[in-house]
Amino acid sequence: MEVFAEFLANIDNPQHRERTEEVLAWVTKKFPHLMPKIAWNQPMFTDHDTYIIGFSVAKHHLAVAPEKAGIDHFSDEIVQAGYDHTKQLVRIKWDSPVDYSLLEKMIEYNIFDKADCSTFWRK
């Protein structure tokens with residue numbers, strides 16, 4: 001989690017910082033083989049140098065970015081969890097619970113789907 005320390009320290013709202021740290025710690029513990037890193041000023045996780053999932057902080061939500069393929073694949077489940085989404089990210093409102101089972105499925109999907117990917121982003 002040291003790689004995310006500066007990013008987390010820059011989140012002004014203590015509740016938002018705590019929630020973001022909780023989610024990043026969960027990913028780190030659940031998927032210890034993923035590489036945590038900061039790129040484009042955002043925390044993300046990679047596998048064999050390919051993007052798996054990223055996060056960003058906004059005033060009203062924590063954004064989860066599993067790439068468009070992840071959004072498309074889980075669109076119905078995202079809505080069922082009570083989240084809204086765009087083509088590129090899922091918005092988890094700060095006062096909503098984190099659906100860790102859905103987050104786990106999105107990460108596992110990307111790990112499997114990108115197992116043979118040799119680029120950072122899907123082509």
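Note that this is a predicted model, so its numbers are computed, not measured.

## Here we look at the UniProt feature "domain: YdhG-like" (unreviewed entry) in the protein chain
Consideration 1: As recorded in UniProt, the feature "domain: YdhG-like" (unreviewed entry) lies at residues 16-111.
Consideration 2: In the segment residues 16-111, helix accounts for 43% and strand for 31%; the C-alpha atoms at its two ends are 27 Å apart.

## Describing the pairing of strand β3 (residues 50-57)
Consideration 1: Extensive coverage of β3 is indicated by the burial of 6 of its 8 residues.
Consideration 2: Between strand β2 (residues 42-47) and β3, which pair antiparallel in sequence order, lie 2 residues; one of them, histidine 48, sits at a positive phi of approximately 45°.
Consideration 3: If you look at the hairpin formed by β3 and strand β4 (residues 61-65), you'll find 3 residues sitting between the two strands.

## As for the sheet that holds strand β6 (residues 90-93)
Consideration 1: On the basis of which strands lie adjacent, the open sheet formed by 6 strands has the order β1-β2-β3-β4-β6-β5 and antiparallel pairing. Looking at strand neighbours, the two that pair on one side only are β1 (35-39) and β5 (84-85), the edges of this open sheet.
Consideration 2: Looking at chain direction, β4 and β6 are connected through 4 bridges and run antiparallel. If you follow histidine 61 over to β6, its bridge partner there is lysine 93.
Consideration 3: Across the sheet, helix α4 (residues 100-113) is in contact with β2, β3 and β4; its angle to β3 comes to roughly 150°.

## Topic: helix α3 (residues 67-80)
Consideration 1: Taking 1.5 Å of rise per residue, 14 residues should cover 20 Å, and α3 covers 19 Å from first to last C-alpha, within 8% of that figure.
Consideration 2: Each element contacted by the buried residues of α3 is listed here: β3, β4, β5, β6 and α4.

## So, the side chain of threonine 46
Consideration 1: Residue placement: threonine 46 occurs in strand β2.
Consideration 2: Discounting residues that sit within four places of it in the chain, threonine 46 has contacts with Leu34, Met35, Lys37, Tyr51, Ile52 and Phe120.

## Focus on the packing of helix α2 (residues 14-30) against α4
Consideration 1: Running from amino to carboxyl end, α2 crosses α4 at an angle of 50°, the nearest separation of the two axes being 12 Å. One finds that α2 runs oblique with respect to α4. Both α2 and α4 take part in a crossing whose hand is right-handed. Contacts from Glu22, Val23, Trp26, Val27 and Lys30 in α2 reach Tyr100, Leu103, Glu104 and Ile107 in α4.
Consideration 2: Looking at side-chain class alone, the contact of α2 with α4 contains 6 nonpolar, no polar and 3 charged residues.

## Let's talk about the packing of α3 against α4
Working note: a packed helix pair is described by the angle between its axes plus the distance between those axes.
Consideration 1: It is at 10 Å that the axes of α3 and α4 come closest, and there the two elements cross at 155°. When the interaxial angle is binned, α3 and α4 end up roughly antiparallel. At the point where α3 passes α4, the crossing takes the right-handed sense. Contact residues: α3 offers Ala69, Gly70, His73, Phe74, Glu77 and Ile78, while α4 offers Leu102, Lys105, Met106 and Tyr109.
Consideration 2: Partitioned by chemical class, the residues of the contact of α3 with α4 number 6 nonpolar, 2 polar and 2 charged.

## Let's talk about α4
Consideration 1: Its 14 residues give α4 an end-to-end C-alpha distance of 20 Å, which sits within 8% of 20 Å, the value for a rise of 1.5 Å per residue.
Consideration 2: Burial in α4 covers these residues: Leu102, Leu103, Met106, Ile107, Tyr109, Asn110 and Ile111.
Consideration 3: Buried residues along α4 sit against α2, β2, β3, β4 and α3.

Conventions adopted
- Residues numbered from 1 in each chain as written.
- Predicted model: local features only at pLDDT ≥ 70, side-chain atom pairs only at ≥ 80, totals over all residues.
- Heavy atoms only, no water.
- UniProt positions renumbered as here; feature names shortened; annotations may be inferred.
- Helix = DSSP H or I, 4+ residues; strand = E, 2+ residues; numbered from the N terminus.
- Buried < 20%, exposed > 50% of the residue type's maximum accessible area, 1.4 Å probe, protein only.
- Pairing = 2+ DSSP bridges.
- Contact = heavy atoms within 4.5 Å.
- Axes fitted to C-alpha atoms, helices over the stretch in contact; angles between N-to-C directions.
- Expected span 1.5 Å × (residues − 1).
- Parallel < 35°, antiparallel > 145°, perpendicular 65-115°, else oblique.
- Left-handed = near helix turned anticlockwise from the far one by under 90°.
- Nonpolar A, V, L, I, M, F, W, Y, C, P; charged D, E, K, R; others polar.

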